[in-house]
Amino acid sequence: MNMQNITNLHNVEFPALSSITDFNAVAEPVYMRDDTGLEFQTISSNKVIRRDDTGEALGIVGNRYGIAQNAGLYEMLTNAARETLPVNALKGMELKEVSSYSGAYTRFELAFPAMKVGIKQKNSETDLKFRVGISNTFDGNGSVRVFAGAYDQVCENGMCIGELVKQLARHTAGFTPGKFSEFISREMELYLQRAREFQKWANCEIDQDIAENVLKAAGLSERRTASMLDQFATESASRGNSVWALYSALTFYASHNSERFNIRNSGNVDNAGASLEQREREVSKIIASPAWADLIKVAA
């Protein structure tokens with residue numbers, strides 16, 4: 001299945017999904033041998049989810065599980081972006097697709113470089129670009145997650161500002177075009193608000209001791225704190241010793257499979273995409289912690 005480019009009312013073309021995420025998932029019966037070992041019987045309580053392009057099994061789920069196809073979700077997302085964002089914001093859109101475990105985990109997101117906001121750092125300047133996306137699973141281990149945030153254009157660190165998760169017993173998407181439009185409109189306003197807050201973070205100086213105390217109070221282990229402080233030092237070289245540099249260290253961890261923050265077994269198993277989303281959730285918890293709240297009071 002090759003999804004056609006979607007053209008908006010202003011003749012702006014959205015990028016088309018590739019086979020990385022644009023495949024059709026189908027549900028099929030699960031069988032087991034009977035006592036004789038010669039015949040098979042159906043396991044009525046379960047079914048297997050399979051890709052129809054490669055034939056690979058993605059997971060075994062309950063019989064009430066409903067498939068939310070990526071093509072339909074992407075169409076609602078692009079239509080909402082078309083209806084909600086200014087036409088000038090749609091110029092130069094960038095599509096990023098990620099897949100893990102042969103497609104059991106998928107993620108696609110659109111970034112909008114035309115919607116950039118500058119952040120002045122101590123020794124340089126960077127631009128943030130607005131992004132929206134969706135992650136979806138086909139193995140019963142997650143819900144459909146719609147998220148919004150920003151990319152740092154210098155290092156491609158991803159920042160998750162807001163998310164809309166719909167988890168139903170049958171995993172059907174449960175979204176409508178109206179919900180997507182409402183979400184994107186709200187998150188666009190929040191993006192501009194948070195950019196102003198990020199500028200305050202960039203102006204607020206902190207040292208290694210303060211950074212270490214915040215990370216530990218937020219629940220990071222000794223080992224992870226040490227690695228994060230090393231990344232904080234790296235970020236500070238161009239951003240200055242600031243709250244913004246510490247946040248950039250966290251978003252680097254959530255966005256990159258690097259030597260400093262290596263994802264285990266990623267050389268043998270295609271688990272990087274799913275692992276980075278888990279890291280993104282970890283960072284969101286840190287930013288929502290009382291320790292971080294106390295830190296940014298100084299920058300307010």
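Look up: the structure comes first, before these words.
Residue numbering note: each chain is counted from 1, following its sequence as written. Local features in this predicted model are restricted to residues of pLDDT 70 or higher, and side-chain atom pairs are both shown and tallied only at a pLDDT of 80 or more, whereas totals for entire chains, interfaces and linings draw on every residue. The side-chain quantities take in all heavy atoms of the structure and omit both hydrogens and water.

**Q** Would you mind going over the overall build of the protein chain with me for this structure?
**A** Every helix listed is a DSSP run of H or I at least four residues long, and every strand listed is a run of E at least two residues long, numbered separately from the N terminus. A tally of helices and strands in the protein chain yields 7 helices and 10 strands. Using a 1.4 Å probe on the protein chains alone, a residue whose accessible area is under 20% of its type maximum counts as buried, one over 50% counts as exposed, and one in between counts as partly exposed. Counting the 300 residues in the protein chain, one finds 49% classified as buried. Across the protein chain, the fraction of contacts at a sequence separation of at least 24, relative to all contacts at a separation of at least 6, is 60%. Residue exposure ignores everything except the shown protein chains as possible cover, and the areas themselves are Shrake-Rupley values with a 1.4 Å probe. Total accessible area computed for the protein chain in this model is approximately 14300 Å², and 48% of it derives from carbon and sulfur atoms. Contact between two residues is taken to exist if any of their heavy atoms lie within 4.5 Å; hydrogens are not considered.

**Q** Sorry if this is basic, but what is going on with the packing of aromatic side chains here?
**A** Aromatic rings in a pair are described by how distant their centres are and how their planes are angled relative to each other. Working definition: rings of Phe, Tyr and Trp (its six-membered ring) pair if their centres are within 6.5 Å, and the pair is stacked with planes under 30 degrees apart, edge-to-face with planes over 60 apart, and tilted otherwise. For the structure on display, the rule yields 13 aromatic pairs. Seen in terms of ring centroids, Phe130 and Tyr191 are 5.2 Å apart; in terms of plane orientation they differ by 45°. Their pairing is tilted. With Phe130 in strand β8 (residues 125–137) and Tyr191 in helix α2 (residues 177–203), this residue pair connects regions lying 61 residues apart in the sequence. For Tyr191, a relative accessible area of 1% translates into the label buried. One aromatic cluster in this structure is built from Phe198, Trp201, Trp244, Tyr247 and Trp292. Lying across the ring of Phe23, Arg51 places its NZ or CZ 3.9 Å from the centre. Geometrically, a charge over a ring is one whose NZ (Lys) or CZ (Arg) sits within 6 Å of the ring centre while staying within 35 degrees of the ring normal.

**Q** What's the story with the sheet that holds strand β3 (residues 25–33) in this structure? I'm lost.
**A** Within a sheet, each strand pairs with its neighbour through backbone hydrogen bonds, oriented either parallel or antiparallel. Spatially, 3 strands are ordered β3-β4-β5 in an open sheet, and the strand pairing comes out antiparallel. Edge positions in the sheet fall to β3 and β5 (57–62), since each of these pairs with one other strand and no more. The mean angle between the axes of side-by-side strands here comes to 40°, regardless of whether they run parallel or antiparallel. The sheet contact formed by strand β4 (residues 40–51) and β5 spans 5 bridges and is antiparallel. Bridge pairing links Val48 to Ile60 in β5. DSSP bridges decide pairing: two strands pair if at least two such bridges lie between them. For helices, the axis comes from a line fit to the C-alpha atoms of the stretch in contact; other axes are also lines fit to C-alpha atoms, and the angle between any two N-to-C directions lies between 0 and 180 degrees.

**Q** Sorry, what's going on with the packing of helix α4 (residues 222–239) against helix α5 (residues 243–255) here?
**A** Think of two packed helices as two axes; the pair is described by the angle between the axes and how far apart they sit. With their axes 8 Å apart at the nearest point, α4 and α5 run at an angle of 120° to one another. What the angle tells us is that α4 and α5 run oblique. When the axes of α4 and α5 are compared, the crossing they make is right-handed. Contacts between α4 and α5 pair Arg224, Met228, Gln231, Phe232, Glu235, Ser236 and Arg239 from the former with Trp244, Ala245, Leu246, Ser248, Ala249, Leu250, Phe252 and Tyr253 from the latter. Reported orientations rely on four angle classes, namely roughly parallel under 35 degrees, roughly antiparallel over 145, roughly perpendicular from 65 to 115, and oblique for the rest. Helix crossings fall into two classes, left-handed where the near helix is turned counterclockwise from the far one by less than a right angle and right-handed where it is turned clockwise.

**Q** Explanation requested: helix α1 (residues 70–84) in the structure shown.
**A** Since there are 3.6 residues in each turn of an α-helix, residues three or four apart along the chain are aligned in direction. Under the 1.5 Å per step criterion, the end-to-end length of α1 is 21 Å for 15 residues, consistent within 8% with the ideal 21 Å. Across the 15 residues of α1, 11 count as buried, placing the element largely inside the fold. Looking at α1, one finds that the buried residues are Asn70, Ala71, Leu73, Tyr74, Met76, Leu77, Thr78, Asn79, Ala80, Ala81 and Thr84. Helix span is expected to be 1.5 Å times the residue number reduced by one.

**Q** Would you mind going over the packing of helix α3 (residues 208–217) against helix α7 (residues 290–299) with me for this structure?
**A** Closest axis-to-axis distance for the α3/α7 pair is 8 Å, and the angle between their directions is 150°. By the criterion of interaxial angle, the relationship of α3 to α7 is roughly antiparallel. Within the contact between the two elements, α3 uses Ile210, Val214 and Ala217 and α7 uses Ala291, Trp292 and Leu295.

**Q** Can you help me understand the pattern of salt bridges in this one?
**A** Two side chains with opposite charge may pair up if their charged atoms get near one another. The rule for a salt bridge is simple: a side-chain nitrogen of Lys or Arg has to be within 4 Å of a carboxyl oxygen of Asp or Glu. Going through the model one piece at a time under the given rule, you end up with 19 salt bridges. As a salt-bridge pair, Asp152 and Arg239 come within 2.9 Å of each other at their nearest N and O atoms. Of this pair, Asp152 sits in strand β9 (residues 144–152) while Arg239 sits in helix α4; the two residues are 87 residues apart in sequence, bridging distant segments of the chain. Arg239 shares its class with Asp152; the two are buried. One salt bridge in this structure joins Arg239 and Glu235, with 2.7 Å as the shortest N-O distance. Of this pair, Arg239 and Glu235 both sit in helix α4, 4 residues apart, roughly one helical turn.

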